[in-house]
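Here are the chains, one letter per residue:
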Amino acid sequence: MVQKYQSPVRVYKHPFELIMAAYERRFPTCPLIPMFVDSDVVNEFKSEDGAIHVIERRCKLDIDAPRLLKKIAGVDYVYFVQKNSLNSRERTLHIEAHNETFSNRVIINEFCCYTVHPENEDWTCFEQSASLDIKSFFGFESTVEKIAMKQYTSNIKKGKEIIEYYLHQLEEEGITFVPRWMPPSLKPSSEISSSSASRKPAAVSTVVTPDTTQKEGQSSEALGSPSGAPEPVVGTPDDKLDADYIKRYLGDLTPLQESCLIRLRQWLQETHKGKIPKDEHILRFLRARDFNIDKAREIMCQSLTWRKQHQVDYILDTWNPPQVLQDYYAGGWHHHDKDGRPLYVLRLGQMDTKGLVRALGEEALLRYVLSINEEGLRRCEENTKVFGRPISSWTCLVDLEGLNMRHLWRPGVKALLRIIEVVEANYPETLGRLLILRAPRVFPVLWTLVSPFIDDNTRRKFLIYAGNDYQGPGGLLDYIDKEIIPDFLSGECMCEVPEGGLVPKSLYRTAEELENEDLKLWTETIYQSASVFKGAPHEGSHVTRWPGFYILQWKFHNMPACAATNLPRVDDVLASLQVSSHKCKVMYYTEVIGSEDFRGSMTSLESSHSGFSQLSAATTSSSQSHCSSMISSSGFFAYLSRRCAGLVSRRETGCVVGCGRDCALQDNVPTPM
């Protein structure tokens with residue numbers, strides 16, 4: 001597997017020429033990088049006017065690896081070839097490096113670039129990217145990969161320190177300005193004879209006044225450096241991510257975590273049509289999957305489709321909660337906790353869940369919870385600006401006083417489980433802490449039903465207090481200031497959260513009315529809804545992840561109900577929620593791929609990048625055991641058609657979801673039986 005790295009943009013408040021003077025002091029060796037033993041110039045070119053200067057060096061590195069591994073490999077040092085191309089006219093430095101040692105087993109490539117800041121010509125930007133591909137290494141491929149990534153991330157962290165070290169060294173020597181390159185014919189004689197050490201322009205002063213082009217996200221504190229150190233400035237998140245922007249608005253991330261964020265963000269910009277999530281939300285999906293880009297991308301794509309389907313981005317502006325919710329839903333926002341997180345208070349024990357479900361239906365309750373989560377995201381952004389540090393989650397305080405068996409009404413539990421499922425899938429890592437207070441004896445029953453649907457990382461954020469335990473050591477005062485503890489918890493702050501209470505039965509609706517209301521809410525999305533009789537055909541649409549042509553087969557899963565009553569059993573509720581929400585399967589798919597991927601063979605087509613291959617890989621494991629029965633019952637052949645450079649190559653994939661079976665080539669598109 002190829003490991004990739006992409007750095008954020010690092011901006012230094014020093015001119016390009018001064019940064020180059022500091023950079024050149026790293027050679028032939030650098031005491032700040034112990035593994036960098038030595039370097040020799042093997043090739044050098046300089047143009048007649050001095051604008052172009054290309055240097056190729058052979059660098060000797062002492063890798064910090066186990067002695068046994070070095071002995072097996074038969075080497076003590078690793079050699080790299082580095083090529084630096086300086087263009088003084090354009091004020092750019094491009095750096096390319098690759099490994100010379102074990103180049104037939106391990107492929108390492110690195111690309112770095114120093115350029116002038118696009119909005120301030122007296123500042124310098126730095127970016128770097130790298131890739132690591134270990135093909136074979138005496139059976140130690142995994143070990144070598146870990147060592148290489150550890151060494152590389154360690155050197156990345158030192159990169160900024162090294163530039164600062166040599167800038168400080170230049171300043172001690174009295175060199176605070178290096179003149180720009182000029183053609184020899186235009187260079188004045190006085191400039192040639194003058195000493196560069198005697199000049200220092202205002203652009204290098206320790207305090208910089210922000211100009212009118214400063215974008216949103218920049219702060220005056222970030223633009224001023226009292227110590228005189230080359231502190232990067234806070235940039236804009238609209239184009240490329242700036243290192244200080246990440247630290248200020250997203251938190252302290254490791255170099256590899258920064259790389260994952262940047263790469264996933266770039267992928268969304270290149271492939272996603274529509275509104276791209278904010279950086280904070282992308283980071284939440286990465287954290288939910290331990291910064292595994294492929295897994296995070298999968299759940300994010302599903303969430304983006306879901307948000308578009310339900311038009312969640314506009315829910316705060318276009319949807320007004322019914323008056324019943326405003327009067328009887330005992331929850332609301334209440335200041336913030338000690339960490340600056342928005343605080344949401346929910347008096348679940350005082351809430352008539354049965355009455356709300358009977359009066360509103362499941363869809364209205366779900367939509368209201370979605371609006372609460374969207375409001376939470378907005379409050380996190382506001383608190384980030386107010387407190388001057390990244391705040392990406394909120395705290396929820398749940399008061400269970402009054403909770404009893406009435407709250408375990410089965411349709412109400414089903415609605416609660418569905419809400420948890422939707423929130424877990426589309427708002428990962430938004431719950432910073434959950435404080436459950438005054439848990440009664442019936443709480444373990446509810447917890448047994450709910451906990452299987454809550455992610456392990458989320459469950460670790462739960463703090464449960466029985467009775468008045470929350471008033472003792474380690475209780476509420478450790479997380480919330482005394483001045484804002486709600487009055488119903490013996491605090492001093494008046495809480496404006498509705499008190500709940502029983503919903504009048506006069507507001508209850510019939511099952512038919514609730515079904516029509518749910519249908520109305522559903523049809524407000526981009527999907528069309530229709531009542532279809534058994535066996536009757538219906539033509540509809542579906543939001544797809546990749547461009548192409550699809551044939552879809554729709555299925556509906558019916559769960560058995562209790563024999564004595566029309567209400568489902570609790571076991572039925574849990575089983576129904578474990579069924580995948582995807583009600584269709586791909587019967588046919590075709591896409592157009594770039595001609596550069598076609599090299600005259602079927603193998604080149606199979607190895608090219610395909611959205612269908614990603615879909616197939618994700619569903620292979622779950623479909624292999626059922627593929628034969630699915631084919632025979634549906635009467636369809638799964639079929640993939642790829643068109644490239646005017647040629648048509650078709651290959652049957654075997655199973656309707658891509659089980660990987662090798663089948664004969666088909667010349668014609670299969671038709672339904």
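For the structure itself, look to the data block above.
About the thresholds
- Starting from 1, residues in each chain are numbered consecutively following that chain's sequence as written.
- Residues qualify for local features only when their pLDDT is at least 70, as the model is predicted, and side-chain atom pairs are given and counted only at 80 or more; totals for whole chains, interfaces and linings, by contrast, use all residues.
- To obtain the side-chain values, all non-hydrogen atoms of the structure were used and water was disregarded.
- The helix count covers DSSP runs of H or I at least four residues long, the strand count covers runs of E at least two residues long, and both are numbered beginning at the N terminus.
- Remark: exposure states derive from per-residue accessible area (1.4 Å probe, protein chains only) relative to the maximum for the residue type, with buried under 20%, exposed over 50%, and partly exposed in between.
- Areas reported here follow the Shrake-Rupley algorithm with a probe of radius 1.4 Å; residue values treat only the protein chains shown as occluding.
- Pairing between strands is defined by DSSP: at least two bridges between them are needed.
- By the convention used here, residues are in contact when the closest approach between their heavy atoms is within 4.5 Å.
- Any cysteine sulfur atom paired with another within 2.5 Å is treated as part of a disulfide.
- Among buried residues, those of type Ala, Val, Leu, Ile, Met, Phe, Trp, Tyr and Cys that are joined through side-chain atoms within 4.5 Å constitute a nonpolar core.
- The convention used is that axes are lines fitted to C-alpha atoms, helices contributing only their stretch in contact, and that angles between N-to-C directions extend from 0 to 180 degrees.
- For classification purposes, angles smaller than 35 degrees are called roughly parallel, those larger than 145 roughly antiparallel, those between 65 and 115 roughly perpendicular, and all remaining angles oblique.
- In this scheme the crossing of two helices becomes right-handed for a clockwise turn of the near helix relative to the far one and left-handed for an anticlockwise turn of less than a right angle.
- Residue polarity follows a fixed list, in which Ala, Val, Leu, Ile, Met, Phe, Trp, Tyr, Cys and Pro are nonpolar, Asp, Glu, Lys and Arg are charged, and the others, Gly among them, are polar.
- Directions are taken from the helix axis to each C-beta atom, and the arc is the one they span.
- Grouping into patches uses exposed residues only, defined as over 30% relative accessible area, and leaves out salt-bridged ones; the cut-off is 9 Å for like charges and 5 Å for nonpolar side chains (Val, Leu, Ile, Met, Phe, Trp, Tyr).
- By definition, a salt bridge exists where a carboxyl oxygen of Asp or Glu is found within 4 Å of a side-chain nitrogen of Lys or Arg.
- Counting of polar contacts relies on pairs of N or O atoms within 3.5 Å, with two restrictions inside protein: one atom must be capable of donating a hydrogen and the other of accepting it, and residues adjacent in sequence are counted only when both atoms are side-chain atoms.

1. Overview of the overall build of the protein
Right, on to step 1. Helix and strand content of the protein: 21 helices and 17 strands.
Right, on to step 2. Taking all 673 residues of the protein together, the buried fraction comes to 45%.
Right, on to step 3. Put simply, the protein shows about 36200 Å² of open surface, and 52% of that area lies on carbon and sulfur atoms.

2. Details of the pairing of strand β10 (residues 342–346)
Right, on to step 1. Of all five residues in β10, five are buried; the element is thus mostly enclosed.
Right, on to step 2. Across the two faces of β10 the burial is the same, with P342, Y344 and L346 and L343 and V345 all buried.
Right, on to step 3. Bridge count for strand β9 (residues 331–336) against β10 is four bridges, and the pairing is antiparallel. The residue bridging G332 from the neighbouring strand is V345, located in β10.
Right, on to step 4. Inspection of the sheet shows β10 paired to strand β11 (residues 394–399) by four bridges, in the parallel sense. In the sheet register, L343 faces β11, and the bridge partner there is T395.

3. Points about helix α1 (residues 16–24)
Right, on to step 1. Burial runs high along α1: seven of the nine residues are buried.
Right, on to step 2. Those residues of α1 not exposed but buried are F16, E17, L18, I19, M20, A22 and Y23.
Right, on to step 3. Next to the buried residues of α1 lie β2 (10–12), β5 (78–87), β6 (92–99), β7 (106–117), β8 (120–134) and α3 (141–172).

4. Overview of the state of the cysteines
Right, on to step 1. Scanning all chains against the criterion turns up zero disulfides.
Right, on to step 2. No disulfide involves C493; its sulfur sits 7.0 Å from that of C495, the nearest cysteine.
Right, on to step 3. Residue C493 is classed as buried on the basis of its relative accessible area of 12%.

5. A short note on the nonpolar core
Right, on to step 1. Membership of the largest hydrophobic core comes to 53 residues, with the highest contact counts inside it found for L325, Y329, L356, L370 and L400.
Right, on to step 2. Listed by contribution, the elements that provide at least two residues to this core are α11 (323–328), β10, α12 (353–360), α13 (362–387), β11, α14 (410–426), β12 (431–439) and α15 (443–450).
Right, on to step 3. Counting residues per element, this core draws most heavily on α13, at nine residues.
Right, on to step 4. Sequence-distant contacts of Y329, defined by excluding residues within four places in its chain, comprise V324, Y344, L346, M351, L356, Y368, V369, I372 and P498.
Right, on to step 5. Of all hydrophobic cores here, the second largest spans 39 residues; its members include M20, L93, V106 and I162.

6. Structural notes on the sheet that holds β10
Right, on to step 1. Across the sheet, which stays open at both edges, the five strands sit in the order β9-β10-β11-β12-β13 with mixed pairing between neighbours. Sheet topology places β9 and β13 (462–466) at the edges, where each strand pairs with a single neighbour. Pairwise comparison of adjacent strand axes, ignoring direction, gives a mean angle of 20 degrees for this sheet.
Right, on to step 2. Against the sheet, α13 engages β9, β10 and β11, with an angle of about 10 degrees to β9.

7. Looking at the packing of helix α8 (residues 279–288) against helix α9 (residues 293–310)
Right, on to step 1. In the contact formed by α8 and α9, the axes pass within 8 Å of each other and the chain directions differ by 125 degrees. Taken together, the axes of α8 and α9 lie oblique to each other. As for the relative orientation of α8 and α9, their crossing is right-handed in sense. In this structure, α8 contributes H281, I282, F285 and L286 to the contact, and α9 contributes I293, A296, I299, M300 and S303.
Right, on to step 2. Along the lines of polarity and charge, the residues of the contact of α8 with α9 split into seven nonpolar, two polar and no charged.

8. Structural notes on the environment of I299
Right, on to step 1. Among the secondary structure elements, I299 is positioned in helix α9.
Right, on to step 2. Each C-alpha atom, one on I299 and one on A288, is 9.6 Å from the other, the two residues being 11 residues apart in sequence.
Right, on to step 3. Among residues more than four places away in sequence, those in contact with I299 are F285 and R289.

9. So, unusual backbone geometry
Right, on to step 1. Here the residue pair F27 and P28 is connected by a cis peptide bond, since its omega of 5 degrees sits within 30 degrees of zero.
Right, on to step 2. Position of P28 relative to the elements: it lies in the loop between α1 and β3 (36–46).
Right, on to step 3. Phi at F291 is positive, roughly 60 degrees, even though this residue is not glycine.
Right, on to step 4. If you trace the backbone, F291 turns up in the loop between α8 and α9.

10. Details of α15
Residues that lie three or four places apart on an α-helix share one face, since the helix turns once every 3.6 residues.
Right, on to step 1. Looking at α15, one finds that the buried residues are F443, L446, L449 and V450. All buried residues of α15 project into a common sector of 125 degrees when viewed along the axis, lining one side.

11. Digging into a nonpolar patch on the surface
Right, on to step 1. A cluster of nonpolar side chains, namely L68, I72 and F138, defines an oily patch on the protein surface of about 280 Å² accessible area.
Right, on to step 2. Its place among the elements puts L68 in helix α2 (residues 67–73).
Right, on to step 3. With a relative accessible area of 58%, L68 lands in the exposed category.

12. A look at the environment of Y166
Right, on to step 1. Considering the arrangement of structural elements, one finds Y166 in helix α3.
Right, on to step 2. Looking at Y166, the relative accessible area reads 3%, which means it is buried.
Right, on to step 3. Apart from residues no more than four positions distant in its own chain, Y166 is found in contact with A22, R25, R26, C30 and P31.

13. Here we look at the side chain of S47
Right, on to step 1. The residue S47 is located in the loop between β3 and β4 (52–61) in this model.
Right, on to step 2. For S47, a relative accessible area of 17% corresponds to the buried category.
Right, on to step 3. A polar contact of 3.2 Å, which involves the side chain of S47, links it to the backbone nitrogen of A51.

14. What about the environment of R25?
Right, on to step 1. In this structure, R25 sits in the loop between α1 and β3.
Right, on to step 2. Assessed through its relative accessible area of 25%, R25 is described here as partly exposed.
Right, on to step 3. As for R25 and L167, which are separated by 142 residues in sequence, their C-alpha atoms are 9.7 Å apart.
Right, on to step 4. Filtering out sequence-adjacent residues up to four positions away, R25 remains in contact with Y166, Q169, L170, E173 and I175.

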